[in-house]
Amino acid sequence: MSPAELNVRIVERGKELNAALKGEKPSLFQRSRWVGTVLTWLLRHDELRAGVFRFVDVFPALATSAMLVDHLEDLARSDGLHAPIRWAVHRALAGDGLARSALATTVRYTMRKLGEQFMVGENTGDAVRRLSHIRREGCAFSVDILGESVLSEAEAREYRDHYLDLIGALAQAQRHWPPLGTKDDQPDHDWGYHPKVNISLKPTSLYSQARPVDFNNSVEAMVAQIRPVYEKLLGSGGSLCIDMESYQYKDLSLEVYKRLRAEYPGHPHLAVALQAYLTDTDNDLSELLDWSDRQGLPVSIRLVKGAYWDHEVMRARQNGWDVPVYREKAKTDASFERNALRILSHPTAYLACASHNIRSIAAVMEAARSLGVPDNRYEFQMLYGMAEPIRRALARMTGRVRLYCPYGRIVPGMAYLVRRLLENTANQSFLRLAFTRVKDVDALLADPAGLTAEGGTVPAVSTGPAAFSNQPPADFTKREERRLFARAVALVRREFEKPCPLFINGEDRATGDVLPSLNPADPDEVIARVCQAGRDDVDDAIAAAQSAFMRWRETESPVRAGYLTAAAAWMRDHRYELAALQVWEIGKQWGEASSDVAEAIDYLEYYAREMIRLGVPHPLPSVPGEVNKYLYEPRGVAAVIAPWNFPLAITTGMVSAAVVTGNCVVYKPSPLTPAVGRSLADAFRAANLPAGVFNFIPGRTEVIAEYVINHPSIATIAFTGSTQTGLKIIESTAITRPGQVCVKRMICEMGGKNAIIIDDDADLDEAVPGVLVSAFGFQGQKCSACSRVIVLETIYDAFVERLVSAAESLPLGPASDPAFVLGPVCDAASRARISGYIETAAREGRVLYKGRTPPAGNYVPVTIVGDIAPGHRLAEEEIFGPVLAVMKAKTFGQALDVANSTMYALTGGVFSRNPRHLDEARKRFRTGNLYLNRHITGALVGRQPFGGLKMSGLGTKAGGEGYLLHFMDPRVITENTARRGFSPELLDRGRNGERTKR
């Protein structure tokens, strides 16, 4: 049958299905029901819809009527509310306690009814009763326990136990269920071939530490956690579907399915979901069917459209990765039909068509008919609580409809509920088009392969020759990225103990004083043997910089910028090796190291573009006979003193800013990361930067650090490090030395004692991971790291319980092994200092959690300390390690006071869903960088210019528009253009401003 003929039959079948609906509407669009009334409001007003979604999202956290009413006040301000309803709400809010309590009770009732629309129950008793009712209506089911945000292994075990309990209850209940569509060959199976009990689960709900970067270990752990659930299910004669989640877990889930399917070859009732909106799905399906043929194992596939479209688009755009989903709904629908046909065409594949779209359903029915596919190779699935008319009509026509039934507590269920509301009130939703608008049946049934959708596209990102975009970090969901990074880690290890010479005036220089750079995870391993500069070497480097300065300052800005972009291109080509070197030399995890290299590339690219902009003199207001211009010029020789925690990124930012503005640089790397620092010299050498412009002088701090800082030829000092060291440098720069010809300028970023506030309505599924990555990412060794978390007392216990449980699940070990989330601290001295603070923690507060450490290496335990108050050392002093102080506040205002109570003001964060509290934080939380409802580390060049206030720095913002100005002096040039009483500007104009006729 030709595609055109098949399409005619699909349309005919679709019209038949549409006619069978008999004018019914799904309950979620029926105004006579609570949920229908709510949805009707949402469809009329976009502003109201957004407000209601936010309210639904925050509702589980509103433990008291006062909290609920507080959020209702925000919702009541929406113009989308009908005037009588707004009046009633305002009247209730303004009334006495009884009226407000009644309003809260009404809202809680409404929210529960809304949840019941989509979920079969909060306990096994409710679930069994509703599932029994579903079966009496002639439909099968698949139950999914909601629990996508599992933050710890304790929570994962809890969900596993829920599944085991549920399976036990269903195994008992199924004895009383007559089979659906009984056939002689399998009288105990629905439709004669499928088990009555069907469970769906997401692998990450049973394992909290699944990460694509640690692919094999994650798969093995998930299989191990799923195995007891699957075996109990098999023991009850049931079936299992491995559900899909967000894109980052797709390949993990597919591999889990393959391993379980191969491990239990005699049990064919194991399914996996594929998402048609992913551009990978065609290839994934091909690989799965090829694997099925090679293994001789039939496969079962639940084909869905996909439920995370907005999330996938946002995540890809934020990271600069390719968007993994189709950008038009018609393309998703076409993908669904195309891949459904391929599954039906494969003789050993079973298809579960999971869609509410009549066109998609009709396409499957007619494709199966044209191919002669028997009934026992496909079924239809729909979401519980939606599209009941379609479900009933389809059940009458096919007898093989399964409902996907979420089950569980309302708290984890809200994320699911919001997604369902988003899907069904979106402009392109089939249900909305079919049941709430004047239907054009022909348009609804049009072939999606021939359509170009008007909506659903992804907004374009600004591009062009001068546009800046951030360098994407490694995407470890990609197999090739994991392979290339692992190869680089192995390659760098083979080059251990390589020599690391100085780089002065364009040439390498070896010295007799050599120190080893050590692996912090194993201090017996030498990464590189680093030549140490003496004072004579420093003099030579400064002399080379001075000699090059006059030529370099006259070099046009676009030419200087070109050297930076060339260095960026070299780094991009060597990004895996550069990141792997950090893994070994300073213990950065794969993702942290990749991001550091990406940030270094960003600085080169961003500052190159900024200098082209700033390098053109711009005119000032002028009058006839006078021309005024404003321009910048470099200051001279800049000394860059770099930190070890961002050994390439921050170093490159300071050096490239100095170089592109026309200064020449002497660069002293941290003694802990000289090999990484040397790679910047390699990048500039590859870019053919003129000799003397950049000079690399690793050396003993006690020998050369003060000498460089106090040298009279140094005009500018760029420093990143501790506040104590930074203040000493500032004091030194205030002293004028003999031979000094300019006032030294200090550009510095110093320490922080950064706080995150957890409001009483915070989403803990987001807040706990946000605090974990902020506090313990790279072992807490970031100047932006969270070292204080201030929690409102009403949510304190719940937050601490989940935080501690999640911290217990973080594996610690060498950064070279991606199995470990946490690694060593930088050196033995840091380990001893942090250990001292941990001892202080036990005296000042109550240690809530103290982790374990390997027997060797520079490891310190992750430590969480409660009962810390302002004035305690743990609340005031920068620790720079994985030690987190948990503080309690009665009100949000008090939490802000505590957050502002230290001498630092670098970064800060707030997790809250209260718009007024977020506004208050914007006004009162005094930090250089404030983050709302996200982690507080990982500032990106151009998007989050970074730098602190108070004792955290001088207010400079690295990666921002104004940063280059600190490396230059502004000049104004005024020219008198009048000659002998006339002005060129007025020469051709008469007194009345009109041209003189000649």
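Bear in mind the structure is a predicted one, so any value in this text is a computation, not a measurement. (Residues numbered from 1 in each chain as written. Predicted model: local features only at pLDDT ≥ 70, side-chain atom pairs only at ≥ 80, totals over all residues. Heavy atoms only, no water.)

**A look at the nonpolar core**
And step 1. Within the largest apolar cluster, 102 residues are counted, with the highest numbers of intra-cluster contacts made by Phe485, Met571, Tyr607, Val655, Val665, Phe684 and Phe694.
And step 2. Looking at this core, the element that brings in the most residues is helix H23 (residues 590-614), giving 12 residues.
And step 3. With near-sequence residues (within four places) excluded, phenylalanine 694 lies in contact with Phe503, Val655, Val665, Tyr667, Leu680, Ala681, Phe684 and Leu689.
And step 4. Listed in part, the 89 residues of the second largest apolar core include Val219, Leu260, Ile301 and Ala368. (Core = buried A, V, L, I, M, F, W, Y, C linked by side-chain atoms within 4.5 Å. Buried < 20%, exposed > 50% of the residue type's maximum accessible area, 1.4 Å probe, protein only. Helix = DSSP H or I, 4+ residues; strand = E, 2+ residues; numbered from the N terminus. Contact = heavy atoms within 4.5 Å.)

**A few points about the packing of aromatic side chains**
And step 1. The full count for this structure, using the stated rule, is 21 aromatic pairs.
And step 2. An aromatic cluster of three or more residues is present, and its members are Phe468, Tyr603, Tyr606, Tyr607, Tyr963 and Phe967.
And step 3. Over the face of the ring belonging to phenylalanine 778 we find lysine 588, whose NZ or CZ atom lies 4.9 Å from the ring centre. (Phe/Tyr/Trp six-rings, centres within 6.5 Å; stacked < 30°, edge-to-face > 60°. Lys NZ or Arg CZ within 6 Å of the ring centre and 35° of its normal.)

**Points about the sheet that holds strand E21 (residues 754-758)**
And step 1. Read across the open sheet, the 7 strands follow the order E23-E24-E25-E22-E21-E27-E28; overall the sheet is mixed. In the strand order of this sheet, the two ends are held by strand E23 (846-850) and strand E28 (929-932), each with one partner. Sheet twist, expressed as the average angle between the axes of neighbouring strands with direction ignored, equals 20 degrees.
And step 2. Here 4 bridges tie strand E27 (residues 907-911) to E28, and the two strands are oriented parallel to one another. Bridge pairing links threonine 907 to asparagine 929 in E28.
And step 3. Across the sheet, helix H32 (residues 892-899) lies against E21, strand E22 (786-792), strand E25 (883-889) and E27, angled at about 160 degrees from E22, the strand it touches most.
And step 4. Set on the sheet, helix H33 (residues 915-924) makes contact with E27 and E28; between it and E28 the angle comes to about 175 degrees. (Pairing = 2+ DSSP bridges. Axes fitted to C-alpha atoms, helices over the stretch in contact; angles between N-to-C directions.)

**A word on the environment of alanine 899**
And step 1. Assignment of secondary structure puts alanine 899 in helix H32.
And step 2. On a C-alpha basis, the gap between alanine 899 and arginine 926 in space is 8.5 Å, while along the polypeptide they are 27 residues apart.

**Some remarks on the layout of surface pockets**
And step 1. Counted as a void, the second largest pocket has a volume near 1,200 Å³.
And step 2. Lining the second largest pocket are 42 residues, and of these Trp644, Phe719, Gly721, Ser722 and Thr725 lie nearest its centre.
And step 3. Elements with a contribution of two residues or more to the lining of the second largest pocket: helix H26 (701-710), strand E19 (714-720), helix H27 (723-733) and helix H30 (828-844).
And step 4. Ranked by residues supplied to the lining of the second largest pocket, first place goes to H27 with 6 residues. (1 Å grid on protein atoms, 1.4 Å probe; cavity = no way out; pocket = protein on both sides within 12 Å on 5 of 7 lines; lining within 4 Å. Points joined across faces, edges and corners; volume = space filled by probe spheres on them.)

**Quick word on helix H10 (residues 250-263)**
And step 1. The end-to-end C-alpha separation of H10 is 20 Å, in line with the 20 Å expected for 14 residues at 1.5 Å each.
And step 2. Taken together, the buried positions of H10 are Lys250, Leu252, Ser253, Leu254, Val256, Tyr257, Lys258, Leu260 and Arg261.
And step 3. For H10, the secondary structure elements touched by its buried residues are helix H9 (215-235), strand E3 (239-242), strand E4 (270-275), helix H11 (281-295) and strand E5 (299-304). (Expected span 1.5 Å × (residues − 1).)

Keep in mind these values describe shape, not function.
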